[in-house]
Amino acid sequence: MAEARLHSIETMGLVDGPGIRTVFFLQGCPLRCTYCHNQDSQSMFSKRQISSDEVVEIAKKYKPYYKNTGGGVTFSGGEPLLQGEFILETIK
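The model shown is predicted, which means the values in this text are computed figures rather than measured ones.

Chemist: Before we move on, can you summarise the packing of aromatic side chains with the specific residues and values?
Modeler: Working definition: an aromatic ring pair is given by the centre-to-centre distance plus the angle between the planes. Counted by the stated rule, this structure contains three aromatic pairs. Here the aromatic rings of Tyr62 and Tyr65 are separated by 6.4 Å at their centres, their planes lie at 40°, and the arrangement is tilted. Residue classification places Tyr62 among the partly exposed residues on the basis of a relative accessible area of 21%.

Chemist: How would you sum up helix α3 (residues 84–91)? Please name residues and give values.
Modeler: The periodicity of an α-helix, 3.6 residues per turn, causes residues three or four positions apart to be oriented the same way. Three or more residues of α3 are buried, namely Phe86, Ile87 and Thr90. Axial view of α3: buried residues confined to an arc of 100°, hence all on one face. Of the surrounding secondary structure, the elements contacted by the buried residues of α3 are β1 (3–13), β2 (21–26), β3 (48–51), α1 (52–61) and β4 (72–76).

Chemist: Which residues make up unusual backbone geometry, and what values do they have?
Modeler: A positive phi is found at Met12, a non-glycine position, where the angle reads about 60°. Tracing the backbone through its elements, the reader meets Met12 in strand β1. Met12 gets classed as partly exposed once you look at its relative accessible area, which sits at 40%.

Chemist: Describe the environment of Arg32, and please don't skip the residues or the numbers.
Modeler: Here Arg32 is to be found in the loop between β2 and β3. Look at Arg32 and you get exposed, because its relative accessible area is 53%. As a C-alpha pair, Arg32 and Tyr65 span 33 residues in sequence and 34 Å in three-dimensional space. Of the polar contacts made by the side chain of Arg32, one reaches the backbone oxygen of Cys29; its length is 2.3 Å. There is a polar contact of 3.4 Å between the side chain of Arg32 and the side chain of Gln42.

Rules of the game
- Residues numbered from 1 in each chain as written.
- Predicted model: local features only at pLDDT ≥ 70, side-chain atom pairs only at ≥ 80, totals over all residues.
- Heavy atoms only, no water.
- Phe/Tyr/Trp six-rings, centres within 6.5 Å; stacked < 30°, edge-to-face > 60°.
- Buried < 20%, exposed > 50% of the residue type's maximum accessible area, 1.4 Å probe, protein only.
- Helix = DSSP H or I, 4+ residues; strand = E, 2+ residues; numbered from the N terminus.
- Arc of directions from axis to C-beta.
- Contact = heavy atoms within 4.5 Å.
- Polar contact = N/O pair within 3.5 Å; in protein donor to acceptor, adjacent residues only side chain to side chain.

Following this line, the structure appears as structure tokens:
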């Protein structure tokens, strides 16, 4: 079971893709973009870890919203692909 460094979770996200979404903000980004919207997620250190199983359990709670609005799950950050192994295992 893969784990990731988690910054925060946003439920009922409406701007990170179509429909109602659950957004998992992962911690860590090597880039320092001038207009970064999530500067507090750039650090590679996180107080909280999350497993792929936990992500799936959280997302299941919101399945009716996804179905009715065409929504789903978004991984954001930071740079989520820094934790690509976790992303791959979770989406499978």
